[in-house]
Each structure stands twice: as structure tokens, then as C-alpha cells.
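Topology and contacts: notes
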Amino acid sequence: MKILLVGNYYYPEHLGGVEIVSFNLVKHYREFSHEVRWMAADVPPNLRVAGRGDVPISSWNIAEEKLGFPHPLPHPNVLKKLFDNIQWCDVVHLQDSLYLINILAFFIAKLLGKPVLLTQYAKFIPYKQYYKRFLQTAAYRTVGWLMFNLADRLAFITENVRAGMAYLTPKSRQEVVPLGVDTDLFVPLAKDERARLREQLSGSVERPIILFVGRLVERKGVHLIRPLIEKHQEWFWVLVGRPDDFNPSEWQLPNLKHLQNLQEDELSKLFASADILVHPSVGEGITLTVSNSLACGTPVVISEESLYELDTASRKLFFAVLPQTHDIEEKLNMALSNCAAPENLRAACRDFAINQLSWKKMCERYLEILQDIARTAQ
């Protein structure tokens, strides 16, 4: 089968969660012996060195640089590339909806009679700025509604996201395909290695290390944890992500380290070194960041809404919080003071990732869907 995967906006050089998902989908589709071309926006300064099957789309990144939200605008030569590659493929797998490259690819695929699987990664984002909320609502109610209802099949990464987008499309055409995790790359560290890295990070093996990984924007809950960094000098915080709504490097706090542009192997060591990951985001569910942390054996403080699709037993692995600073503080105190078999909890997190989250399982399900809609379209 010939698959054209249209990444939701960038290649992994941009260092984002969905970019990593796209990379792993392409990798595993090829391991299952399918031909794959991977199309995504290519923006400076980290331009893609195109490899086999890459179809980079030269784009401007003004929206992210000036307005704080990622929405690359392709150069005018995009149409020929889109037509050529959509004509080549048997099926199109779109990563998310409301991005110009994806919108163009979707409607060209419909014009050429090519079946489309659309994966949606996030529901409505409660931006602080009114104009962003207005534009998002208008886009979902128009172009988004068309894409959701004309797609041959829809997939959502969590029940939470599916429930949040149900108003746009018939439930019979929705299903959930959870994110996978690379349990060979994201692994716990040996005791001596973990102690060495912890001392390197915070200056002390015993000092609690709290980790945040993600875009430094309001919906990820960054504004909720800054007061705790200032208040709890006894805790050492590591925030990983490009400056966006917030720039931790400007906070000048002695118990904070701000990192960016880390590779996956560096992130794996960071996850495994930390005591706990803080992930109080809204509108997402169990994200790739959460999955990677669990695979490294590191527990997670997470928003209650993100546990929507998990059963009661699985929820016990997490420290669920409301989107409030005092609740996050309470759960962190609980997690960091709980000396009752912390190693057992770390082992349980690792087991959950291995047994419940897998790139292979995710890709097998997606390939079933892609083969089904390709057959139906013939």
C-alpha cells in the first residue's frame, strides 16, 4: 500500500509531540513493508535534510514567531507537490485538521478520489486571548466540520478528545487509537547512573526533581506551576520546551533549570532521572510526554480530565489534579513525601507503558483502518 502521511505541521527538527508521533508512524508503516511518503512543513532555522520518502513543504512560520501559535503558511509552490504526491498514493493519513497544508491536502484528495484517514490530536483549546478562541471556533464550525464529515474515517488519540469534538461529527465514524511509546528508548536508568545524573542536575542526589516537558503555553498549565517554583526552594524544577507564552529563562529562579532542543535520548535520561512529571494540561488526555515518562518509570501529576478514558485501576498510577495551583501543590507534597515503596510505583508505571502503550499496536490498528478505506475506495 502507498501511504501519504501529512504531518500536522512540522518535521521533528521542530521538536514537538505530534512531530515525533509522525516520525514513528512513518517508521513503523515502513517496517510493515508499506511505501510511505512523509509531507510536512519545513521552516527555518532547523530545516529538514530530506531523506527517503520525505516531501518537505517550504513554509513561513510567522504565526508561531509573532502570535504564539504554530500555524505554518506554505510557499506558493505547494499545490504541485500536493497534487503529485496525492496522485501517487493509495490513501492519505492526515495528522490533525486545521492547518493549511492539511486542509489543502484533504480537499485535493477528495477531488482526486483518494480515501482519507484523519487523526485529531486536540479538542477546543481554551486560549486566554479572545481572538484566538473566536478564530478557533469559526474554523472548527466551518472548515473543521467539513473535514470531519467528509473524511473516510476519523481517529482520536483519547476518549477525552473524542468527547470534546463529538459535536462536529457522527459518533459512528469515530474511534480512539491511543498514542504509542518507544519502550526500548524510554527506559529506567540503572541506580548508579540515575544518582549521577540527579546530582548533575540539582547538585544533590536526594533533592526532589520535578520535571515539565512541553510547549510553554497556558493550556499546558505553566502559569499554575510558576508560583510553586518560587515557593518551594527545596524542590528542583526542570522545564523543557521552547519559550512561548512563557520564558522560564527570564524568571531567574535558583531552583530552576530551563532546557530546550533536546534529542529523544536526552529526554529519556531526563524522564528517568526525575522524581515526578508535572503535566496539568487541558484538552489532551494521555499525551506522548506522559507515555514517555511512564515508560521511564516516572509517575505523573496530571489533570483529572486527562484520565477520562482510563479505568479505575489504571488511574491509581497517577496523581490527579484540578487546574489549580494549590491542588497541584497538595499532590506534589503527597507524591514526594510518600516513602511507601516508591520503587514499586515506578515499576508499575513502567509495566503500564509496556502493556498498554505500544507503537506497534497503534500502527497495526491504523494499518487496518487504512487498508479498509483503501479497499472501499476501489
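Overview of the structure. (Residues numbered from 1 in each chain as written. Predicted model: local features only at pLDDT ≥ 70, side-chain atom pairs only at ≥ 80, totals over all residues. Heavy atoms only, no water.)

A closer look at the packing of helix 7 (residues 191-202) against helix 9 (residues 264-273)
Two quantities define a packed helix pair, namely the angle between the helix axes and the distance between the axes. It is at 9 Å that the axes of helix 7 and helix 9 come closest, and there the two elements cross at 95 degrees. With respect to helix 9, the element helix 7 is oriented roughly perpendicular. Contacts from Arg194, Leu197, Arg198 and Leu201 in helix 7 reach Lys269, Leu270, Ala272 and Ser273 in helix 9. The residue inventory of the contact of helix 7 with helix 9, partitioned by class, reads four nonpolar, one polar and three charged. (Axes fitted to C-alpha atoms, helices over the stretch in contact; angles between N-to-C directions. Helix = DSSP H or I, 4+ residues; strand = E, 2+ residues; numbered from the N terminus. Parallel < 35°, antiparallel > 145°, perpendicular 65-115°, else oblique. Contact = heavy atoms within 4.5 Å. Nonpolar A, V, L, I, M, F, W, Y, C, P; charged D, E, K, R; others polar.)

Considering the packing of helix 8 (residues 222-231) against helix 12 (residues 325-337)
Running from N to C, helix 8 and helix 12 point in directions that differ by 55 degrees, and their axes come no closer than 8 Å. As summarised for this structure, helix 8 and helix 12 are arranged oblique, according to the angle between their axes. Where helix 8 crosses over helix 12, the two elements pack in a sense that is right-handed. Together, Leu224, Ile225, Pro227, Leu228 and Lys231 of helix 8 and Thr325, Ile328, Glu329 and Leu332 of helix 12 make up the contact between the two elements. Looking at the contact of helix 8 with helix 12, its residues break down into six nonpolar, one polar and two charged. (Left-handed = near helix turned anticlockwise from the far one by under 90°.)

As for helix 3 (residues 78-88)
Regarding helix 3, the residues found buried are Val78, Leu82, Asn85, Ile86 and Trp88. Down the axis of helix 3, the smallest arc covering the buried residues is 150 degrees, so these residues share one side. (Buried < 20%, exposed > 50% of the residue type's maximum accessible area, 1.4 Å probe, protein only. Arc of directions from axis to C-beta.)

Let's talk about the nonpolar core
Counting residues in hydrophobic clusters, the biggest one holds 58 residues, and the most contacted among them are Val21, Leu25, Tyr29, Leu94, Met362, Tyr366 and Leu370. With eight residues, the single largest contributor to this core is helix 14 (residues 359-377). (Core = buried A, V, L, I, M, F, W, Y, C linked by side-chain atoms within 4.5 Å.)

A short note on helix 5 (residues 130-150)
Helix length check: helix 5, at 21 residues, gives a terminal C-alpha distance of 29 Å against a target of 30 Å (1.5 Å per residue), a fit within 8%. Gly144 marks the point of greatest bend in helix 5, at about 45 degrees. Of the positions making up helix 5, those classed as buried are Lys132, Gln136, Tyr140, Gly144, Met147 and Phe148. (Expected span 1.5 Å × (residues − 1). Bend = angle between axes of the 7 residues up to and from the residue.)

Re the packing of aromatic side chains
For the coordinates displayed, the defined rule picks out seven aromatic pairs. Ring geometry for Phe23 and Trp38: centres 6.5 Å apart, planes at 55 degrees, overall tilted. In this pair, Phe23 sits in helix 1 (residues 17-31) while Trp38 sits in strand 2 (residues 35-42), placing the two residues 15 residues apart along the sequence. By relative accessible area, Trp38 is classed as buried at 1%. Taking 6.4 Å as the distance between ring centres and 90 degrees as the angle between the ring planes, the aromatic pair formed by Phe318 and Phe352 counts as edge-to-face. Taken together, the positions of Phe318 in the loop between helix 11 (312-315) and strand 14 (319-321) and Phe352 in helix 13 (residues 342-356) put the pair 34 residues apart, joining distant regions of the chain. (Phe/Tyr/Trp six-rings, centres within 6.5 Å; stacked < 30°, edge-to-face > 60°.)

Looking at the sheet that holds strand 13 (residues 300-303)
Spatially, 11-10-9-12-13-14 is the arrangement adopted by the six strands of the open sheet, whose pairing is parallel. Both edges of this open sheet fall to strand 11 (256-259) and strand 14, since each of them pairs with a single strand only. Each strand axis lies, on average, 25 degrees off the axis of its neighbour in the sheet, ignoring direction. Pairing geometry for strand 10 (residues 236-240) and strand 11, over four bridges, is parallel. Residue pairing in the sheet places Leu239 in a bridge with His258 of strand 11. Helix 8 contacts strand 9 (209-213), strand 10, strand 11 and strand 12 (276-279) of the sheet and is inclined by roughly 155 degrees relative to strand 10. Sheet contacts for helix 12: strand 9, strand 10, strand 12, strand 13 and strand 14; angle to strand 14, the most-contacted strand, approximately 170 degrees. (Pairing = 2+ DSSP bridges.)

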